[in-house]
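Residues per chain are reported as follows:
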Amino acid sequence: MRTVVIEAPGVISVVETPDATLPGPDGAVVAITATAICGSDLHFYEGDYPLVQPVPLGHEAVGTVVEVGPDVRTVSVGDHVLVSSVAGCGSCAGCATMDPVTCVSGPRIFGSGALGGAQSELLAVPAADFQLMVVPEDLDTEEALLLTDNLATGWAGAQRADITPGSTVVVFGLGAVGLCAVRSAVAQGAGTVYAVDPVEGRRDRAAASGATPLAPADVGEVHETTRGRGAASVIDAVGNDTTMTAALTCVRAGGTVSVVGVHDLNPFPFPALMSLVRSVTLRMTTAPVQRTWPELIPLLQAGRLDVSGIFTDTYALGDAAAAYAAVASRSGDCIKVSLTV
Ligand SMILES: NC(=O)c1ccc[n+]([C@@H]2O[C@H](COP(=O)([O-])OP(=O)(O)OC[C@H]3O[C@@H](n4cnc5c(N)ncnc54)[C@H](O)[C@@H]3O)[C@@H](O)[C@H]2O)c1
Ligand SMILES: [Zn+2]
Ligand SMILES: [Zn+2]
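Residues numbered from 1 in each chain as written. Chains lettered and ligands numbered in written order. Predicted model: local features only at pLDDT ≥ 70, side-chain atom pairs only at ≥ 80, totals over all residues. Heavy atoms only, no water.

- The protein chain goes by Putative zinc-binding alcohol dehydrogenase in an unreviewed UniProt entry, where it is assigned to Mycolicibacterium sediminis.
- The protein chain has a UniProt comment under Cofactor (unreviewed entry) that states "Zn(2+)". (UniProt positions renumbered as here; feature names shortened; annotations may be inferred.)

## Things to note about the coordination of the zinc ion (ligand 2)
Consideration 1: With distances of 1.8 to 2.2 Å, the protein atoms coordinating the zinc ion (ligand 2) are C38 (SG), H59 (NE2) and D149 (OD).
Consideration 2: Motif for the zinc ion (ligand 2), donor spacing along one chain: C-x20-H-x89-D. Of the two residues, C38 is situated in the loop between β3 (28–36) and α1 (39–45) and D149 in the loop between α3 (141–147) and α4 (150–159); the sequence distance between them amounts to 111 residues. (Donors = N, O, S within 2.8 Å, 3.2 Å for Na, K, Ca; no water. Helix = DSSP H or I, 4+ residues; strand = E, 2+ residues; numbered from the N terminus.)

## Focus on the environment of A195
Consideration 1: Tracing the sequence through the fold places A195 in strand β12 (residues 192–196).
Consideration 2: Residues A195 and V182, spaced 13 residues apart in sequence, show a C-alpha to C-alpha distance of 7.3 Å.
Consideration 3: Ignoring sequence-local partners within four residues, the contact set of A195 consists of V171, L174, V182, R203, A206, A211, T212, P213 and L214. (Contact = heavy atoms within 4.5 Å.)

## Here we look at the sheet that holds β12
Consideration 1: Spatial strand order, β13-β12-β11-β14-β15-β16: six strands in an open sheet with parallel pairing. Of all the strands in the sheet, the pair left with one neighbour each is β13 (212–214) and β16 (281–284). With direction set aside, neighbouring strand axes in the sheet form an average angle of 20°.
Consideration 2: In terms of strand pairing, strand β11 (residues 168–172) meets strand β14 (residues 231–236) through four bridges, oriented parallel. Of the residues in β14, the one forming a bridge with V170 is V234. (Pairing = 2+ DSSP bridges. Axes fitted to C-alpha atoms, helices over the stretch in contact; angles between N-to-C directions.)

## Brief notes about the domain arrangement of the protein chain
Consideration 1: Partitioning the protein chain into structural domains gives domain 1 (2–149 + 288–340) and domain 2 (154–284).
Consideration 2: Placing the centre of domain 1 and that of domain 2 at their C-alpha centroids yields a distance of 26 Å.
Consideration 3: Between domain 1 and domain 2, the contact holds 25 residues from the first and 18 residues from the second.
Consideration 4: Here domain 1 and domain 2 share zero salt bridges between them.
Consideration 5: There are nine residue pairs in polar contact (both at pLDDT 80 or more) connecting domain 1 and domain 2. (Domains from an automatic or database assignment. Salt bridge = Lys/Arg side-chain N within 4 Å of Asp/Glu carboxyl O. Polar contact = N/O pair within 3.5 Å; in protein donor to acceptor, adjacent residues only side chain to side chain.)

## Some remarks on the site of ligand 1
Consideration 1: Taken together, 28 residues form the shell around ligand 1, and within it S40, D197, R202, T285 and R330 come nearest.
Consideration 2: One of the backbone nitrogen or oxygen atoms of V262 is found 3.0 Å away from an oxygen atom of ligand 1.
Consideration 3: Measuring from a nitrogen atom of ligand 1, one finds a backbone N or O atom of T285 at 2.7 Å.
Consideration 4: In isolation ligand 1 has 870 Å² of accessible area, and contact with the protein removes 89% of it.
Consideration 5: Listed by contribution, the elements that provide at least two residues to the shell around ligand 1 are α1, α4 and α5 (176–187).
Consideration 6: The greatest single-element share of the shell around ligand 1, amounting to three residues, is contributed by α1.
Consideration 7: For the shell around ligand 1, the class distribution of residues is 13 nonpolar, 11 polar and four charged.
Consideration 8: Mapping the shell around ligand 1 onto the domain boundaries places at least three of its residues in each of domain 1 (2–149 + 288–340) and domain 2 (154–284). (Near = heavy atom within 4 Å. Areas by Shrake-Rupley, 256 points an atom, 1.4 Å probe, with all protein chains shown as cover. Nonpolar A, V, L, I, M, F, W, Y, C, P; charged D, E, K, R; others polar.)

## As for the sheet that holds strand β1 (residues 2–8)
Consideration 1: With antiparallel pairing, three strands are arranged side by side in an open sheet as β2-β1-β4. With one partner strand each, in any of the chains shown, β2 (11–16) and β4 (55–56) form the two edges of the open sheet.
Consideration 2: Across six bridges, the pairing between β1 and β2 is antiparallel. Bridging from a neighbouring strand, V4 pairs with V14 of β2.
Consideration 3: Sheet contacts for helix α11 (residues 320–328): β1 and β2; angle to β2, the most-contacted strand, approximately 150°.

## Brief notes about the coordination of the zinc ion (ligand 3)
Consideration 1: Distances from the zinc ion (ligand 3) to its protein donors, C89 (SG), C92 (SG), C95 (SG) and C103 (SG), fall at 2.3 to 2.4 Å.
Consideration 2: Here the donor residues for the zinc ion (ligand 3) map to a single chain with the spacing C-x2-C-x2-C-x7-C. Here C89, found in the loop between β7 (86–87) and β8 (108–109), pairs with C103, found in the loop between β7 and β8; they are 14 residues apart in sequence, far enough to count as distant.
Consideration 3: Of the residues examined, C103 reaches a relative accessible area of 5% and is grouped as buried. (Buried < 20%, exposed > 50% of the residue type's maximum accessible area, 1.4 Å probe, protein only.)

Laid out in structure tokens, this is it:
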């Protein structure tokens, strides 16, 4: 099968590897039809993590089940499914909450070394009943792909920001995750949503979803418009030192900072005294993907949550190197890329 691997920072190849095989009696093999590139893949691409060997990439995929183990109950060969980017064992007390992050065996993410990469022709999926869901007929491929990760992340990031009706929310970073967080914050009842990104075209996209665009240099305006208090809720969809510091600065006393952006391996110089004196709540979240599905699917089906326009480009799997270069440019025109398999 063909699979996308990262050989070194900035070096993407599409290589032939042995076909994925059933990972156990509760597992399945999925023939991927569409997959996507995530900002999390860019951490490998940009050298944030050391690479000791080539790593198969990708954790967002939809496809067709081509093989199931004897213990699989909820999906069958031929089903059109989406695959959660985060995998749990499916049978422990943590997975019983439908949040794979709390799996007592430890959550595993596809395409990060622990499991196969989803930017591939075939993907081995353990505990298939937990990781796979038949794509509801009225959802399109973009919606299904966003349910595997980015929309689940933006939605959970907004939920964990303690948004109350009419409140002021700031979202840092307007890639696919941040744009999903903006739309989720609006859907969860935020009054004003400030959308912060250095790229004007990305701010324009957030503004089209009802947000108030702000360049990073202008974040001080949040204090001015909240009579010196700051924002009740801040969602950080970047997760670097600059944005986490800015988030902890522009949140109001008693407010909540919800971080979904992924930091590099270095420690963050945490402003502990300021955060304690101001009684700030800080939450860090890996997406509880499966748990978001029963909430998000009816909203998508009813048209109450619109995720159109987040995917901007489509490439063939064989052109993955060009696709990665396009996503890594972080332009106003190219937000999220799908790969057709
Ligand atoms: N927690 C999770 O479960 C989860 C899931 C998916 C992705 N992520 C992470 O979320 C982050 C965003 O992912 P993405 O796909 O949207 O990536 P992306 O790279 O497309 O988006 C990042 C955005 O941040 C902007 N940015 C950079 N510096 C900034 C600053 N100082 N202030 C404001 N904005 C700034 C960039 O211009 C870009 O638009 C990544 O770190 C990714 O790893 C986390
Ligand atoms: Zn991702
Ligand atoms: Zn588990």
